[in-house]
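A look at the structure
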Amino acid sequence: MKKFAAYQKTAFVIGILLILIFLSCMAWIIFPKPHSDGLTADIYQDGKLLQSINLSAVAEPYTFTVQGENGGTNTIEVRPGSIAVISADCPDKICVHQGFISTSLLPITCLPNHLVIQIRESATDKETATEPALDMISY
Amino acid sequence: MRIKKLTLLAMFTTLALIIFTIESAIPPLIPIPGIKLGLANIITLVLLKNYSFQDTLWVLLARILLSAFFFGQALSLLYSLMGGLCCLLMMYLTNRLLKGHYIFLTSIAGAISHNLGQLFIAYLITAVPGVLVYLPFLMLSAILTGFFTGLCAHFIQRYLMPAIAGSQSDLKSGGDN
């Protein structure tokens with residue numbers, strides 16, 4: 001065993017700490033805490049609330065179609081705890097590629113069809129329910 | 001402050017500003033606010049190795065203020081200031097602990113504390129506990145970008161610094177020893 005200097009031992013400890021942080025962050029991301037109740041999906045068309053779906057109360061998956069003003073359609077599938085746009089006739093299909101959302105982190109938007117699906121975790125307060133959690137992003 | 005040292009520090013400030021400008025022109029690949037490469041920390045690391053804490057602090061403050069005036073809103077100034085100061089403090093402490101070795105560990109520690117500081121002040125200002133959900137993503141990106149930044153600083157220190165300054169003593173004293 002060769003002699004390690006003090007700074008090398010410190011570096012080793014810091015390295016172990018970093019590996020622990022890395023692993024715990026991976027675990028936090030891969031295994032999200034399930035929000036058992038209070039998940040509501042708000043579907044907005046042209047800024048007007050079309051409907052609010054209580055995702056926790058959904059027993060069986062179902063699909064429905066939303067019509068836009070310019071004749072654009074989005075087919076939405078609702079599953080227990082998550083919601084997604086599974087097909088759309090917009091040119092980019094960004095909304096379709098986003099897949100299922102189950103948290104209020106990022107909404108699904110279909111800009112050509114003026115459609116926004118925002119999840120609201122209504123466990124907190126109902127007064128600010130229509131405001132998004134973040135209203136400014138700066139870098 | 002001697003003229004040569006002042007000029008060199010001003011050059012480093014300009015370098016940091018240029019790096020920051022180019023980095024802010026890169027479109028955000030990951031849609032999480034606060035994720036960025038943090039390449040300007042390369043300059044901070046190099047300065048920490050070659051200059052005193054006060055000099056690094058001056059350059060950091062000048063870079064943050066100037067970049068906020070050129071590019072940002074007043075609120076982003078507060079975020080950058082908090083993040084930058086936390087980063088500098090943590091990097092200084094880690095550098096002292098590690099006696100100047102293993103720059104990439106210093107830079108990772110700095111990147112982590114930068115993101116923590118920004119997240120913390122975002123939480124204080126917006127009072128929305130939802131911003132804390134970004135914590136694991138920011139930590140991961142901090143570890144990765146800190147590693148990259150540390151490697152860049154290591155190679156700059158090894159290959160570029162002897163070319164910039166004539167000798168090690170030349171840097172600190174400013175050329176009049």
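What you are looking at is a predicted structure, and each value in this text was computed from that prediction instead of being measured.

**Points about the overall build of chain A**
Tallying secondary structure elements over chain A gives two helices and seven strands in all. When the elements of chain A are put in sequence order from the N terminus, they spell out α-β-β-β-β-β-α-β-β. Sequence-distant contacts, at least 24 apart, represent 29% of the contacts inside chain A between residues at least 6 apart.

**Here's the deal with the overall build of chain B**
The helix and strand tally for chain B stands at seven helices and zero strands. Along chain B, from the amino end to the carboxyl end, the secondary structure elements read α-α-α-α-α-α-α. Counting only residues that meet the buried cut, chain B has 35% of its 177 residues in that class. Considering only contacts in chain B between residues 6 or more positions apart, those separated by 24 or more positions represent 73%.

**Section: the pairing of strand 4 (residues 73-79) of chain A**
All names here are of chain A. Side chains Asn-74, Ile-76 and Val-78 of strand 4 all project onto a buried face; the interleaved residues Thr-73, Thr-75, Glu-77 and Arg-79 project onto a face where none is buried. Bridging between strand 3 (residues 62-67) and strand 4 involves six bridges; their strand directions are antiparallel. For Val-66, the partnering residue across the bridge sits in strand 4 and is Asn-74. Relative to strand 5 (residues 82-88), strand 4 is paired through six bridges, and the arrangement is antiparallel. Pairing of Arg-79 across the sheet is with Ser-82, part of strand 5.

**A word on the pairing of strand 2 (residues 48-54) of chain A**
All names here are of chain A. The pairing of strand 1 (residues 39-45) with strand 2 spans six bridges and is classified as antiparallel. Bridge pairing in strand 2 links Thr-40 to Asn-54. In textbook terms, the turn of a hairpin is the stretch between consecutive antiparallel strands, and for strand 1 and strand 2 this stretch comprises two residues, one of which, Asp-46, has a positive phi near 55 degrees.

**A look at the confidence of the model for chain B**
All names here are of chain B. Here chain B averages 83 in pLDDT, and 90% of its residues register 70 or above. Considering each helix and strand of chain B separately, the mean pLDDT is smallest for helix 7 (residues 168-173), with a value of 50, and largest for helix 2 (residues 41-50), with 90. Note that pLDDT drops below 50 for residues 173-177; the model gives that stretch 10 contacts with residues more than four away or on any other chain. For this predicted complex, the interface score ipTM comes out at 0.71, while the overall pTM is 0.64.

**Topic: unusual backbone geometry**
All names here are of chain A. Located in the positive-phi region is Asp-46, a residue other than glycine, with phi close to 55 degrees. Checked against the element boundaries, Asp-46 lands in the loop between strand 1 and strand 2. In the Ramachandran plot, His-114 falls in the positive-phi region, its phi being about 55 degrees despite a non-glycine side chain. With respect to the helices, strands and loops of the structure, His-114 is situated in the loop between strand 6 (108-110) and strand 7 (115-121).

**Quick notes on the nonpolar core**
Residues Ile-42, Ile-43, Leu-45 and Met-91 of chain B are the most contacted members of the largest nonpolar core, which totals 38 residues. Looking at this core, the elements with two or more residues in it are helix 1 (3-24), helix 2, helix 3 (53-71), helix 4 (74-97), helix 5 (103-126) and helix 6 (135-164) of chain B. The dominant element in this core, judged by the number of residues it contributes, is helix 5 of chain B, at eight residues. Ignoring any residue separated from it by four or fewer positions in sequence, one finds Ile-43 of chain B in contact with Phe-12, Leu-15, Ala-16 and Ile-19 of chain B. One finds Leu-39, Ile-83, Ala-88 and Cys-95 of chain A within the second-largest nonpolar core, a separate group that totals 17 residues.

**Focus on the sheet that holds strand 4 of chain A**
All names here are of chain A. Strand order across the open sheet formed by three strands is 3-4-5, with antiparallel pairing between neighbours. The sheet is open, and its two edges are formed by strand 3 and strand 5, each paired on a single side. Between one strand axis and the next, the sheet turns through 30 degrees on average, direction left out of account.

About the cut-offs
Residues numbered from 1 in each chain as written. Chains lettered and ligands numbered in written order. Predicted model: local features only at pLDDT ≥ 70, side-chain atom pairs only at ≥ 80, totals over all residues. Helix = DSSP H or I, 4+ residues; strand = E, 2+ residues; numbered from the N terminus. Contact = placed C-beta atoms within 7 Å. Buried ≥ 20, exposed ≤ 12 C-beta atoms within 10 Å, placed from the backbone. Pairing = 2+ DSSP bridges. pLDDT = per-residue confidence, 0-100. Core = buried A, V, L, I, M, F, W, Y, C linked by C-beta atoms within 7 Å. Axes fitted to C-alpha atoms, helices over the stretch in contact; angles between N-to-C directions.

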